[in-house]
Amino acid sequence: LRDINDPSVSSLGEEMRFKLHGLRGLATRLTEMAEYLGNVSSGRLPPNNAILDNMQTIVNLLPNLSVKSLVDSMYIQTNNMHLVMYVSAMIRAVIALHDLVLNKIKFKDEEEERDAKEDKEEEKKEEKEEAKKQK
């Protein structure tokens with residue numbers, strides 16, 4: 001089978017690349033924050049309250065992963081998303097196979113009709129030749 005590609009549905013590889021790009025961006029920002037805090041603590045930079053407030057807000061928005069119920073619910077949600085992706089991929093594959101079977105049946109029927117038509121034409125030619133021979 002050919003690779004069936006539906007442009008309206010993102011592939012898993014593209015999704016992983018987007019997530020990897022986002023994680024790299026997050027790592028870069030966290031490194032910048034760590035460098036800033038290191039420079040402030042060593043006295044190379046003066047503390048900026050607006051930046052420190054933003055950092056505190058970011059840290060406060062992080063989920064508390066020490067709570068087991070939160071971790072379990074995140075696992076369940078992730079599993080549900082993966083299940084939906086898996087089922088949708090299977091449905092696309094079944095639809096594609098169904099279309100392939102219908103296409104094969106259609107061409108087989110057309111070929112049978114074409115062969116039947118050619119057989120009728122040959123029979124007519126043979127009848128004409130026999131009629132000419134009998135005269």
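A quick note: this is a predicted structure, and the numbers were derived from the prediction, not measured.

Engineer: Help me understand the overall build of the protein, please; the structure alone is not making it clear to me.
Structural biologist: Helix and strand content of the protein: 3 helices and 0 strands. Listing every helix and strand of the protein by position from the N terminus yields α-α-α. Here the C-alpha radius of gyration of the protein, 34 Å, is well above what a compact globule of 135 residues would show, namely 14 Å. Considered along the principal axes of its C-alpha atoms, the protein spans approximately 120 × 35 × 20 Å.

Engineer: Could you clarify how one ought to interpret helix α2 (residues 49-61) in this entry?
Structural biologist: In an α-helix, one turn spans 3.6 residues; hence positions three or four apart end up facing the same way. Compared with an ideal rise of 1.5 Å per residue, which puts 13 residues at 18 Å, α2 spans 18 Å between its outermost C-alpha atoms and is within 8% of the ideal. Its side-chain oxygen placed 3.0 Å from the backbone nitrogen of A50, N48 serves as the N-cap of α2.

Engineer: Would you take a moment to explain the pattern of salt bridges for this structure?
Structural biologist: When the charged atoms of two side chains with opposite charge come close together, those side chains can pair. Applying the stated criterion across every chain yields a total of 2 salt bridges. A salt bridge links K19 to E15; the nearest nitrogen and oxygen atoms lie 4.0 Å apart. Of this pair, K19 and E15 are both found in helix α1 (residues 12-42), 4 residues apart, which corresponds to roughly one turn of the helix. Salt-bridge contacts for K68 lead to D72; the nearest nitrogen and oxygen are separated by 3.3 Å. Of this pair, K68 and D72 both sit in helix α3 (residues 68-134), 4 residues apart, which is roughly one turn of the helix. Since its relative accessible area comes to 59%, K68 is described here as exposed.

Engineer: So what exactly am I meant to see when it comes to a positive patch on the surface here?
Structural biologist: A contiguous patch of positive charge, built from K120, K124, K125, K128 and K132, is present on the exposed surface. If you trace the backbone, K132 turns up in helix α3.

Engineer: Quick question: what am I supposed to make of a nonpolar patch on the surface here?
Structural biologist: The grouping of L83, Y86, V87, M90, I91 and I95 at the surface amounts to a nonpolar patch, some 580 Å² of accessible area in total. Position of Y86 relative to the elements: it lies in helix α3. Take Y86: its relative accessible area is 54%, and that puts it in the exposed class.

Engineer: Could you clarify how one ought to interpret the environment of S11 in this entry?
Structural biologist: Residue placement: S11 occurs in the segment before α1. C-alpha of S11 to C-alpha of N54: the two residues are 43 residues apart in sequence and 35 Å apart in space.

Engineer: Any chance you could explain the environment of V101 here in plain terms?
Structural biologist: Position of V101 among the secondary structure elements: in helix α3. The sequence separation of V101 and L65 amounts to 36 residues, and the corresponding C-alpha distance is 50 Å.

Engineer: Just to check I follow, could you spell out the confidence of the model for the protein for this structure?
Structural biologist: Predicted coordinates in areas of low pLDDT are best not read in detail. On average, residues of the protein score 87 in pLDDT, and 91% of them are at 70 or above. Here α3 stands out as the least confident element of the protein, with mean pLDDT 89; α2 is the most confident, with 93.

The rules behind the values
Residues numbered from 1 in each chain as written. Predicted model: local features only at pLDDT ≥ 70, side-chain atom pairs only at ≥ 80, totals over all residues. Heavy atoms only, no water. Helix = DSSP H or I, 4+ residues; strand = E, 2+ residues; numbered from the N terminus. Rg over C-alpha atoms; globule rule 2.2 N^0.38 Å. Expected span 1.5 Å × (residues − 1). Polar contact = N/O pair within 3.5 Å; in protein donor to acceptor, adjacent residues only side chain to side chain. Salt bridge = Lys/Arg side-chain N within 4 Å of Asp/Glu carboxyl O. Buried < 20%, exposed > 50% of the residue type's maximum accessible area, 1.4 Å probe, protein only. Patch = residues over 30% accessible without salt bridge, like charges linked within 9 Å, V, L, I, M, F, W, Y side chains within 5 Å. Areas by Shrake-Rupley, 256 points an atom, 1.4 Å probe, with all protein chains shown as cover. Lys, Arg positive; Asp, Glu negative; His and termini not counted. Charge placed at Lys NZ, Arg CZ, Asp CG, Glu CD. pLDDT = per-residue confidence, 0-100.

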